[in-house]
Amino acid sequence: MKAARFDYVRPGDVHEAVAALAKAEGGAKLLAGGQSLGPMLNLRLARPSLLVDVSRLDSLARIEDLGRTWCIGACVTHSRIEDMRGQLAGAEMLCEVAAGIAYRAIRNRGTIGGSLAHADPAADWPLALAALGATVNIRNTGGARAMPFERFVLGAFTTALHEDDILESVEVPKLSRAGRYGYYKFCRKTGEYAEASAAAVFDPGSQMARIYFGAVRPAPVSLSALARRIAEEGQSAVSEETISAAVAAVANDLDPVERRMAITAVTRALQQVFAS
Ligand SMILES: Cc1cc2nc3c(=O)[nH]c(=O)nc-3n(C[C@H](O)[C@H](O)[C@H](O)COP(=O)(O)OP(=O)(O)OC[C@H]3O[C@@H](n4cnc5c(N)ncnc54)[C@H](O)[C@@H]3O)c2cc1C
């Protein structure tokens, strides 16, 4: 099948982009890497009257060190993040997550902002950014606003973005030198979407821990009670029993296979956190 007819504009900056979205009153879609939107257009699951191509806007393609955080522009590609190994101090997890997304050809085009806006339950960035405690920066013609990432994904393929919003960037807090992270995803073949996944971070210096699992639910699920215990007690809070109980407490209705995969993904992410 081929996409239905649509108009196409390539705005010169973000202000022109949001003006085009507002003018279209819900009929427009932003185009970033096109790796999710392209198939949706071809299958006619999306039928916008206008595509607003933001993929070449310089302001959305920046990676900036803001001191306590890294600010990653929405149109930064997965492969660019993958290739920044050794250069994203305190946020090395981003490089590892990027490297596990799809295949290099898709990573060369797909963007972090496109992935977050698409909000596929099995995608990697929503889970990783929830665990890292990121903030998203959003703009429309009325101005800019920031939102904690944990409030951004509302459900499967549903976010807090309004139809005239553009996601401009994500800010990722840096872990301290003692900070540790773990990320694990089950997939049938390397480079596929996750069937179950988990991300964990632990920063003993600031007594902060976050654990999320993904893919088996519409949005990443926080294991906040277990994370609090780990923040206070460290590795001694981690056991098969505490992980199983934590998953059961927040998602008791998972089928046995999903539950086992979620528990194992969390276990493996935590093993990476506490590996010496
Ligand atoms: C074969 C295959 C395997 C894949 N495997 C994985 C995987 O293992 N893990 C994974 O996480 N992903 C995977 N993906 C998805 C990939 O990461 C996509 O790049 C991503 O989902 C969408 O990013 P994009 O830049 O291509 O966005 P697009 O396809 O251009 O856009 C996607 C949606 O986001 C909106 N959008 C884009 N940019 C913005 C913005 N700045 N602000 C607001 N809305 C915006 C668009 O309007 C559209 O609705 C896979 C894709 C394919 C085709």
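The structure under discussion appears in the preceding block.
Residues numbered from 1 in each chain as written. Predicted model: local features only at pLDDT ≥ 70, side-chain atom pairs only at ≥ 80, totals over all residues.

**Describing the overall build of the protein**
Alright, step 1. When helices and strands are counted, the protein shows 10 helices and 14 strands.
Alright, step 2. Whereas a compact globule of 276 residues would reach a radius of gyration of roughly 19 Å, the protein reaches 19 Å, a difference of no more than 12%.
Alright, step 3. Every one of the 276 residues in the protein was classed for burial, and the buried ones make up 42%.
Alright, step 4. Within the protein, counting contacts between residues at least 6 apart in sequence, those at least 24 apart form 62% of the total. (Helix = DSSP H or I, 4+ residues; strand = E, 2+ residues; numbered from the N terminus. Rg over C-alpha atoms; globule rule 2.2 N^0.38 Å. Buried ≥ 20, exposed ≤ 12 C-beta atoms within 10 Å, placed from the backbone. Contact = placed C-beta atoms within 7 Å.)

**Examining the environment of Ser169**
Alright, step 1. By the element assignment, Ser169 lies in strand S10 (residues 166-173).
Alright, step 2. Residue Ser169 is classed as buried on the basis of its C-beta count, with 26 C-beta atoms lying within 10 Å.
Alright, step 3. The spatial distance from the C-alpha of Ser169 to the C-alpha of Gly182 is 23 Å, given a sequence separation of 13 residues.
Alright, step 4. When residues no more than four places from it in sequence are discounted, the contact partners of Ser169 are Cys71, Ile72, Gly73, Ala74 and Asn137.

**Some points on the nonpolar core**
Alright, step 1. Core analysis: the biggest nonpolar cluster contains 85 residues, and Ala200, Phe213 and Val266 have the highest contact counts within it.
Alright, step 2. Broken down by element, the residue count for this core peaks at eight residues, all from helix H10 (residues 256-274).
Alright, step 3. Those residues within four positions of Ala200 in sequence are excluded, and the remaining contacts are Ala131, Tyr181, Gly182, Ile211, Ala269, Leu270 and Val273. (Core = buried A, V, L, I, M, F, W, Y, C linked by C-beta atoms within 7 Å.)

**Some details on the site of the ligand**
Alright, step 1. Taken together, 30 residues are adjacent to the ligand, and Gly33, Gln35, Gly110, Gly114 and Ala117 come closest.
Alright, step 2. Of all elements in the fold, only strand S2 (28-31), helix H6 (112-118), helix H7 (124-131) and S10 reach the threshold of two or more residues within the shell around the ligand.
Alright, step 3. The leading source of residues in the shell around the ligand is H6, at five residues.
Alright, step 4. In the shell around the ligand, the residues fall into 16 nonpolar, 10 polar and four charged.
Alright, step 5. Built from parts of two domains, the shell around the ligand gets at least three residues from each of domain 1 (7-53) and domain 2 (59-173). (Near = placed C-beta within 6 Å. Nonpolar A, V, L, I, M, F, W, Y, C, P; charged D, E, K, R; others polar. Domains from an automatic or database assignment.)

**Observations concerning the environment of Ala46**
Alright, step 1. With respect to the secondary-structure elements, Ala46 resides in the loop between helix H2 (37-42) and strand S3 (50-53).
Alright, step 2. According to the C-beta neighbour criterion, Ala46 is partly exposed, with 17 such atoms within 10 Å.
Alright, step 3. Between the C-alpha atom of Ala46 and that of Val266, which follows or precedes it by 220 residues, the distance is 34 Å.
Alright, step 4. Ignoring any residue separated from it by four or fewer positions in sequence, one finds Ala46 in contact with Lys29, Leu37, Met40 and Leu41.

**Here we look at helix H9 (residues 240-250)**
Alright, step 1. Within H9 the residues assigned to the buried category are Ile243, Ala246 and Val247. Looking straight down H9, one finds that the buried residues subtend no more than 95° of arc, so they occupy a single side. Of the exposed residues in H9, the ones pointing more than 90 degrees away from its buried face are Glu241 and Ala249.
Alright, step 2. For H9, the elements touching its buried residues are strand S13 (208-214), helix H8 (224-233) and H10. (Arc of directions from axis to C-beta.)

**Some details on helix H4 (residues 92-99)**
Alright, step 1. Among all positions of H4, only Met93, Leu94, Val97 and Ala98 are buried. Viewed end-on, H4 has its buried residues packed into an arc of 135°, placing them on one side of the element.

**Remarks on the pairing of strand S6 (residues 135-140)**
Alright, step 1. Relative to strand S7 (residues 143-148), S6 is paired through six bridges, and the arrangement is antiparallel. Paired with Asn140 across the strands is Gly143, a residue of S7.
Alright, step 2. Two successive antiparallel strands, S6 and S7, enclose a turn made up of two residues.
Alright, step 3. Taken together, the five bridges between S6 and S10 define a ladder with antiparallel strand orientation. Residue Arg139 lies in a different strand from S10, and its bridge partner there is Ile166. (Pairing = 2+ DSSP bridges.)

**What about the sheet that holds S7?**
Alright, step 1. Pairing is antiparallel in the open sheet, where five strands are placed in the order S4-S5-S10-S6-S7. Two strands in the sheet have a free side with no partner beyond their single neighbour: strand S4 (63-65) and S7. The average undirected angle you get between the axes of adjacent strands in this sheet is 20°.
Alright, step 2. Here strand S5 (residues 69-73) runs beside S10; their pairing, made up of five bridges, is antiparallel. (Axes fitted to C-alpha atoms, helices over the stretch in contact; angles between N-to-C directions.)

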